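Listed below are the residues making up each chain.
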Amino acid sequence: MSGVRAAVVPAMTSLAFGIYLRATPQRVCQALADPVLVPGWLSGMSSGPAGEEDPRRLTCEWLLTDHLEINGGCASVVRFDLVAMGQVTRLTVNHRGLDPGGSLLKVITPGWPMILSSLKRLVETGEPLEFRLSA
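Starting from 1, residues in each chain are numbered consecutively following that chain's sequence as written. Since the coordinates come from a predicted model, pLDDT governs what is reported: local features require at least 70, and pairs of side-chain atoms require 80 or more to be given and counted, while whole-chain, interface and lining totals use all residues. Only hydrogens and water are set aside; all other atoms, that is, all heavy atoms of the structure, feed into the side-chain values.

Side-chain atoms within 4.5 Å link the members of a nonpolar core, which is a set of buried Ala, Val, Leu, Ile, Met, Phe, Trp, Tyr and Cys residues. For each residue, the accessible area found with a 1.4 Å probe, counting protein chains only, is set against the maximum for its type, and the residue is called buried under 20%, exposed over 50%, and partly exposed in between. Ranked by internal contacts, the top residues of the largest apolar core, which has 24 residues, are Val28, Phe80, Leu91, Val93, Trp112, Leu116 and Leu119. Broken down by secondary-structure element, the contributors of at least two residues to this core are strand S1 (13-21), helix H1 (25-33), strand S4 (76-85), strand S5 (88-98) and helix H2 (103-125). What counts as a helix is a DSSP run of H or I of at least four residues, what counts as a strand is a run of E of at least two, and both are numbered from the N terminus. Per element, the largest residue contribution to this core is nine residues, and it comes from H2. The criterion used for residue contact is that any of the two residues' heavy atoms lie within 4.5 Å. When sequence neighbours within four positions are dropped, the list of residues in contact with Leu116 reads Phe17, Ile19, Leu91 and Val93.

Written out as structure tokens, the structure reads:
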């Protein structure tokens, strides 16, 4: 008998969202990448262009180091694809590497639409939406 053991890796899941914004891809990318503009939205996300050859894509690793257990101890990856359509940008968000049983998935499933709505308002009016829990 050999001492080889198989590691069980949970099946991960992905989410995708799309939105249209009245802004250039550069403005949208700036808003996504600037922590001053989006202080609480994407905490734990380190971002950078996926490659200088493709400025329309911003890929980020989302790893909350203080709370690894919320995604089964794994980092997830968020990819933002930006397509210019005249004076409008089509933004598609793909969030993959999500633990189906993790609390991160339960939070971000309704959270991404809120983030994207706030981002849309930010780039179009200069002010993000503020969400408050009602009592």
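Between H1 and H2, whose axes approach to 10 Å, the crossing angle comes to 120 degrees. When the axis of H1 is compared with that of H2, the two are oblique. Here H1 runs over H2; the crossing is right-handed. Along the contact surface, H1 presents Arg27, Val28, Ala31 and Leu32, while H2 presents Leu119, Leu122 and Val123. In this count, Pro and Cys sit with the nonpolar residues alongside Ala, Val, Leu, Ile, Met, Phe, Trp and Tyr, while Asp, Glu, Lys and Arg are called charged and the others, Gly among them, polar. Its residues assigned to classes, the contact of H1 with H2 comprises six nonpolar, no polar and one charged. Axes, fitted as lines to C-alpha atoms, cover a helix only where it is in contact. Angles between the N-to-C directions of the axes lie from 0 to 180 degrees. Angular relationships are summarised with four words: roughly parallel below 35 degrees, roughly antiparallel beyond 145, roughly perpendicular across 65 to 115, and oblique for the angles in between. Throughout, a crossing is termed right-handed when the near helix is turned clockwise from the far one, and left-handed when it is turned anticlockwise from it by less than a right angle.

All right, on to the pattern of salt bridges then. Proximity of charged atoms lets side chains of opposite charge pair with each other. In what follows, salt bridge is the name for a side-chain nitrogen of Lys or Arg lying within 4 Å of a carboxyl oxygen of Asp or Glu. For the structure shown, the criterion picks out two salt bridges. Where Arg79 meets Asp81, a salt bridge forms, and the shortest distance between an N and an O atom there is 2.9 Å. Notably, a salt bridge pairs Glu124 with Lys120, separated by 2.8 Å at the nearest N-O pair. Placement of both Glu124 and Lys120 in helix H2 is noted, with a separation of four residues, approximately one turn of the helix.

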